[in-house]
Amino acid sequence: VSYYHKSGAYVDATSYWSSEYNPNLYLTVASAGYMHTFSKHYSLLGEYSHYFYNQPSDSTVSIPYTNNFGVSNYFEFSPLVLRLDYYFYFGDRSAHRIMPSIGLNLVKRNWLGFDRVMLFPSFSVLFGSEQVTQYEFYPNLLFRYFYNQRNTRQLPYFYEVHHTEFGVMNYGFSMPLSFSKKQWSFLLSYSYNIPKSLPGETLSLENTGFLSLSIT
């Protein structure tokens, strides 16, 4: 549910339901922002969001980011659209996200009974920072080994090292197709993502594609 004021300010509340999570209604996001068109070629959007996670009382999952502030820049040279997004996530930890993208905005008016039909394929690259945990052996490893052989109190062989890495996190392709009729809009979109691990991350990542349908 969203409300847009003619000044460019807006507020939005979005809830997410999924059969993959327990509870199914697992997240609500409240946002407030402002958008402004400076010229026919450039517009800007700034937004603050807070994430309300609905977790079981016995959950041990740690959620490091519960807020974000983002700025999106749109440069349109019809039909070419260039976009540059920056997001700052914060909560228990903080992280940065930068996403440049390039796309086409192809419009056909009064076609197939619709007021407007739009196709806007795009390609994006997500850069970001994240805390990475690695394990390193203690330098006196041999001493610790012999000590542990003779004593019940065991000394650890390795310790955790936390540091921040920055790099490519994802390549994304999307193909949204929009149909508009009076006050109604229908959006059919296919997206394909190629996630990438940052240096030092040990993540099991797979390429994923999904189809989505929106009615507004």
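This is a predicted model, so every value here is computed, not measured. (Residues numbered from 1 in each chain as written. Predicted model: local features only at pLDDT ≥ 70, side-chain atom pairs only at ≥ 80, totals over all residues. Heavy atoms only, no water.)

Some points on the overall build of the chain
Argument step 1. For the chain, the count of helices and strands is one helix and 13 strands.
Argument step 2. Each helix (α) and strand (β) of the chain, taken in turn from the N terminus, gives the series β-β-β-β-β-β-β-β-β-β-α-β-β-β.
Argument step 3. Compactness check: the chain gives a C-alpha radius of gyration of 23 Å against a globular reference of 17 Å for 216 residues, more than 25% above the reference.
Argument step 4. For the chain, the spread of C-alpha atoms along the three principal axes comes to 85 × 40 × 30 Å.
Argument step 5. Buried residues in the chain amount to 24% of all 216 residues.
Argument step 6. In the chain, the share of contacts with a sequence separation of at least 24, taken over all contacts with a separation of at least 6, comes to 46%. (Helix = DSSP H or I, 4+ residues; strand = E, 2+ residues; numbered from the N terminus. Rg over C-alpha atoms; globule rule 2.2 N^0.38 Å. Buried < 20%, exposed > 50% of the residue type's maximum accessible area, 1.4 Å probe, protein only. Contact = heavy atoms within 4.5 Å.)

A word on the pattern of salt bridges
Opposite charge on two side chains allows them to pair when their charged atoms are near.
Argument step 1. With the rule as written, the count across this model stands at three salt bridges.
Argument step 2. Residues Glu-130 and Arg-93 are paired through a salt bridge, measuring 3.1 Å at the closest nitrogen-oxygen approach. Of the two residues, Glu-130 is situated in strand β10 (residues 122–137) and Arg-93 in the loop between β6 (80–91) and β7 (94–104); the sequence distance between them amounts to 37 residues.
Argument step 3. Given the relative accessible area of 30%, Arg-93 is considered partly exposed.
Argument step 4. Here Arg-97 and Glu-130 are joined by a salt bridge, their closest N and O atoms 3.2 Å apart. Taken together, the positions of Arg-97 in strand β7 and Glu-130 in strand β10 put the pair 33 residues apart, joining distant regions of the chain.
Argument step 5. One continuous salt-bridge network, built from bridges that share partners, spans Arg-93, Arg-97 and Glu-130. (Salt bridge = Lys/Arg side-chain N within 4 Å of Asp/Glu carboxyl O.)

Quick notes on the environment of Arg-97
Argument step 1. The class of Arg-97 is buried, set by a relative accessible area of 11%.
Argument step 2. Sequence-wise, Arg-97 and Phe-166 are 69 residues apart; in three dimensions their C-alpha atoms are separated by 9.3 Å.
Argument step 3. Look past the residues within four positions of Arg-97 in its chain and what remains in contact with it is Tyr-65, Asp-85, Tyr-86, Tyr-87, Tyr-89, Leu-126, Phe-127, Gly-128, Ser-129, Glu-130 and Met-169.
Argument step 4. Engagement of the side chain of Arg-97 in a polar contact is seen with the backbone oxygen of Ser-129, the distance being 2.7 Å.
Argument step 5. Within the local environment of Arg-97, its side chain forms a polar contact with the side chain of Glu-130, the two groups lying 3.2 Å apart. (Polar contact = N/O pair within 3.5 Å; in protein donor to acceptor, adjacent residues only side chain to side chain.)

Structural notes on a nonpolar patch on the surface
Argument step 1. Where nonpolar side chains cluster on the molecular surface, the patch consists of Phe-173, Met-175, Trp-184, Leu-188, Tyr-190, Tyr-192, Leu-211, Leu-213 and Ile-215 and spans about 940 Å² of accessible area.
Argument step 2. Looking at the nonpolar patch, the elements that each hand over two or more residues are β11 (158–181), β12 (184–195) and β13 (208–215).
Argument step 3. A per-element tally of the nonpolar patch places β12 first, with four residues.
Argument step 4. Its location among the elements puts Tyr-192 in strand β12.
Argument step 5. Assessed through its relative accessible area of 30%, Tyr-192 is described here as partly exposed. (Patch = residues over 30% accessible without salt bridge, like charges linked within 9 Å, V, L, I, M, F, W, Y side chains within 5 Å. Areas by Shrake-Rupley, 256 points an atom, 1.4 Å probe, with all protein chains shown as cover.)

So, the packing of aromatic side chains
Each aromatic ring pair is described using two quantities: the centre-to-centre distance and the angle formed by the ring planes.
Argument step 1. For the coordinates displayed, the defined rule picks out 16 aromatic pairs.
Argument step 2. Ring plane angle 20 degrees and centroid distance 5.5 Å describe the contact between Phe-88 and Phe-90, whose orientation is recorded as stacked.
Argument step 3. According to the relative accessible area criterion, Phe-90 is partly exposed, its value standing at 29%.
Argument step 4. Where Tyr-145 meets Phe-146, the ring centres are 5.4 Å apart and the plane angle is 75 degrees; that geometry is what we call edge-to-face. (Phe/Tyr/Trp six-rings, centres within 6.5 Å; stacked < 30°, edge-to-face > 60°.)

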